[in-house]
Amino acid sequence: MATLSTTPGRRSGSSLLDRWLARAAILGVLAAFAVPVLVAGVVGSVAMLVIAAACLVATVAAAWWFLARAGVLRWFAALLVVAAPVAVLVVFALHRLVWVAAVSAGLLVLAATVGRRALAQAVRAPREVDTPPPRHPFLIMNPRSGGGKVARFDLANRARALGAEVALLDATGTTDVAALARDAVERGADLLGVAGGDGTQAIVAGIAAEHDLPFLVISAGTRNHFALDLGLDRENPAACLDALTDGVEVRVDLGDLGGRTFVNNASFGVYAAIVQSDAYRADKARTALSLLPELLARQTGPPLCLRVGETVWEAPQAILVSNNPYTVDDFAGLGHRPRLDRGRLGVIALMVDSTADAVRLLRGRRSESVTIVAAREAVIEAGGRPVPVGVDGEALLLPTPLVARIRPAALRVRVPRHRPGVRAARAALDWVDLGRLALSVPRPSRRG
């Protein structure tokens, strides 16, 4: 039984082009250091040759230390990786060989550009299908969501003017949303839609997928993560209604947790405890940032166990299982997903040893406490005891074990033909990841 890995990972898979770009970036860096050595040999300066060769050896050794070591030695290696080539460039500049410095600097810039491209996750729009407008659309709207966006943008009247039937949830929050949607299907609705939070979106999306009906997302919630990852306009939810008259369909995946549909993520441990907080609904990001360092520094709830395939992680403090992977090491689910049709869960397991480590994670700094994989299925266990779970931001208490699965291309989503789109995340230039990617070997595919 494996313990929580101390080797963080960002990418669960890579293309042949990505691997060769990573190798080209590494070769570019080596070439930038090799040019001064070669020039020193040509001009016949023994001192320059010795200095250039020594700095090249020091840089290669430091790069290896940076990849293979942790703690103080890694930071010392990082300093040496920068200082050694700078020293060479200074020496050549003093000998009026500025062009050598320029060539080396140009190679470094080129290597960085290529490396960033290699690490970037491919972002392409899902295939759009032209379909006729719905004849009997049924929309559920929550007047309380997003601080009253339904009323502020006059969504109900706008939708009715476009021929939609609208059901407004009552202020008590006791309306059975699933029953409303199922009743609409029985009465002949040919599209289901929601103006509300992601939790309500997930309930109705599951029913739409069950009946293979198109689903309309109206960004009237607080954070609208699902709408963001669909490329919808989050500032003007009324623009989402354009899909009723001039829209296209895309197929996206859904997540399933023990028979419960989720469109964004299911969280366990620390983050689930945050979802239980009274302050969470009012300000999700601020609440997460204020509570996570304290919670990560101590055990909360029953010990968790995560199993993905044959690999087991014991006692992680937080687990996030998402419908497709996030672009960043974001165990709190505050980032975004460039794709919703990869047919993979994003699975993040987190274990930290101190509050300082938790703060580093929240500031977006790399940590060996995070393990990231992508899979079709993940199992969360807690010795058979119920655990707090945050499913698309909704606080629940569910029995274990819980099986999370991906449902590829399960949902037809109708979106406006003209919409902001999903922005591509700019990849961080992480030489550790780049080195691993350059050295990676593709696994042979198994068919049948």
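Look above for the structure.
As a further point, take unusual backbone geometry. A cis amide bond links Thr400 to the next residue, Pro401, at an omega of 5°. The residue Pro401 is located in the loop between strand 16 (394–398) and strand 17 (402–416) in this model. In this model, Ala315 sits at a positive phi of 55°, which is unusual for a non-glycine residue. Looking at where Ala315 falls in the secondary structure, it is placed in the loop between strand 10 (311–314) and strand 11 (318–323).

Core analysis: the largest hydrophobic core is formed by 53 residues, its most contacted members being Leu139, Met141, Leu155, Leu192 and Leu411. In terms of residue count, helix 8 (residues 198–210) provides more of this core than any other element does, six residues in total. With near-sequence residues (within four places) excluded, Leu192 lies in contact with Phe138, Ala181, Ala184, Val185, Val204, Ile207, Ala208, Leu213, Pro214, Phe215 and Leu216. By size, the runner-up hydrophobic cluster in this structure holds 24 residues, among which are Leu304, Ala349, Val387 and Leu398.

Before going further, it helps to spend a moment on the environment of Met351. Its place among the elements puts Met351 in the loop between strand 12 (345–350) and helix 12 (355–362). With 36 residues separating them along the chain, Met351 and Ala315 place their C-alpha atoms 7.9 Å apart.

Tracing the chain through its elements places Asn324 in the loop between strand 11 and strand 12. Judged by its relative accessible area of 0%, Asn324 falls in the buried class. At 3.0 Å, the side chain of Asn324 and the side chain of Asn323 are in polar contact. In terms of polar contacts, Asn324 uses its side chain to reach the backbone carbonyl oxygen of Leu340, at 3.4 Å. With sequence-adjacent residues up to four places away left out, Asn324 is seen in contact with Asp253, Arg337, Arg339, Leu340, Asp341, Arg342, Gly343, Arg344, Leu345, Gly346 and Ile406.

Rules behind the numbers
- Residues numbered from 1 in each chain as written.
- Predicted model: local features only at pLDDT ≥ 70, side-chain atom pairs only at ≥ 80, totals over all residues.
- Heavy atoms only, no water.
- Helix = DSSP H or I, 4+ residues; strand = E, 2+ residues; numbered from the N terminus.
- Core = buried A, V, L, I, M, F, W, Y, C linked by side-chain atoms within 4.5 Å.
- Buried < 20%, exposed > 50% of the residue type's maximum accessible area, 1.4 Å probe, protein only.
- Contact = heavy atoms within 4.5 Å.
- Polar contact = N/O pair within 3.5 Å; in protein donor to acceptor, adjacent residues only side chain to side chain.

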